[in-house]
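# Structural overview for review
Given next are the chains, with one letter for each unit.
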Amino acid sequence: QVQLVESGGGSVQAGGSLRLSCVASGSIDSDNVMGWYRQAPGKQRELVASIVYDGSTDYADSVKGRFTISKDGNKNTVSLQMNSLRVEDTAVYYCHYYRNGWYKQTRAWGQGTQVTVSS
């Protein structure tokens, strides 16, 4: 089992920045994919950014150039640096872990952290 705990959410004005952190614990395998999803009221949960075990990253078009995903410190901590925040970035942000192994698949979600951007 994998447990994910997010932190760093809060309220900021448009144009400001926030840094979200996610700490993974439990049965962690190094060959994993971790990412951040978000869900705004009335909208589907969407992938914001992901980082693969080899360090490669992908971003939703809406956040490219503004958000950066990284693994900071130990390999079990992933962060999302959010710059130039917009009102439409307001959502609950969820950390996600996935590993497709030879004999099992492991997937986990964090509890979510609220990000509110005001005009």
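What you are looking at is a predicted structure, and each value in this text was computed from that prediction instead of being measured. (Residues numbered from 1 in each chain as written. Predicted model: local features only at pLDDT ≥ 70, side-chain atom pairs only at ≥ 80, totals over all residues. Heavy atoms only, no water.)

### Comments concerning the overall build of the protein chain
If you tally the helices and strands in the protein chain, you get zero helices and eleven strands. The N-to-C order of helical and strand elements in the protein chain reads β-β-β-β-β-β-β-β-β-β-β. Considering only C-alpha atoms, the protein chain reaches an extent of 50 × 25 × 25 Å along its principal axes. Burial analysis of the protein chain (119 residues in total) assigns 39% to the buried set. A separation of at least 24 residues holds for 53% of the contacts in the protein chain among residues at least 6 apart in sequence. When the accessible surface of the protein chain is split by element, carbon and sulfur atoms take 47% of a total near 6500 Å². A gap of 2 Å separates the mean positions of the 12 positive and 10 negative side-chain charges of the protein chain. (Helix = DSSP H or I, 4+ residues; strand = E, 2+ residues; numbered from the N terminus. Buried < 20%, exposed > 50% of the residue type's maximum accessible area, 1.4 Å probe, protein only. Contact = heavy atoms within 4.5 Å. Areas by Shrake-Rupley, 256 points an atom, 1.4 Å probe, with all protein chains shown as cover. Lys, Arg positive; Asp, Glu negative; His and termini not counted. Charge placed at Lys NZ, Arg CZ, Asp CG, Glu CD.)

### As for the nonpolar core
Nonpolar side chains in soluble globular proteins tend to be buried together. In this structure, L4, M34, W36, L80 and Y93 are the most contacted members of the largest nonpolar core, which totals 28 residues. Put simply, the parts of the chain that give this core at least two residues each are β1 (2-7), β3 (18-26), β4 (33-39), β5 (46-52), β7 (67-71), β8 (77-82), β9 (91-100) and β11 (113-118). Not counting the four nearest positions on each side in its chain, Y93 is found in contact with E6, L20, W36, Y37, R38, V48, F67, L80, M82, G112, T113 and V115. (Core = buried A, V, L, I, M, F, W, Y, C linked by side-chain atoms within 4.5 Å.)

### Some words on unusual backbone geometry
Residue S84 is not a glycine yet carries a positive backbone phi of 50 degrees. Note that S84 resides in the loop between β8 and β9.

### Examining empty space enclosed by the protein
To locate leftover empty space, one rolls a probe as large as a water molecule over the atoms. This structure, assessed with the given rule, holds one cavity of 30 Å³ or more. In this structure, the largest cavity spans a volume of roughly 50 Å³. R38, Q39, A40, K43, Q44, E46, E88, D89, T90 and A91 together form the lining of the largest cavity. Its residues placed into classes, the lining of the largest cavity shows two nonpolar, three polar and five charged. (1 Å grid on protein atoms, 1.4 Å probe; cavity = no way out; pocket = protein on both sides within 12 Å on 5 of 7 lines; lining within 4 Å. Points joined across faces, edges and corners; volume = space filled by probe spheres on them. Nonpolar A, V, L, I, M, F, W, Y, C, P; charged D, E, K, R; others polar.)

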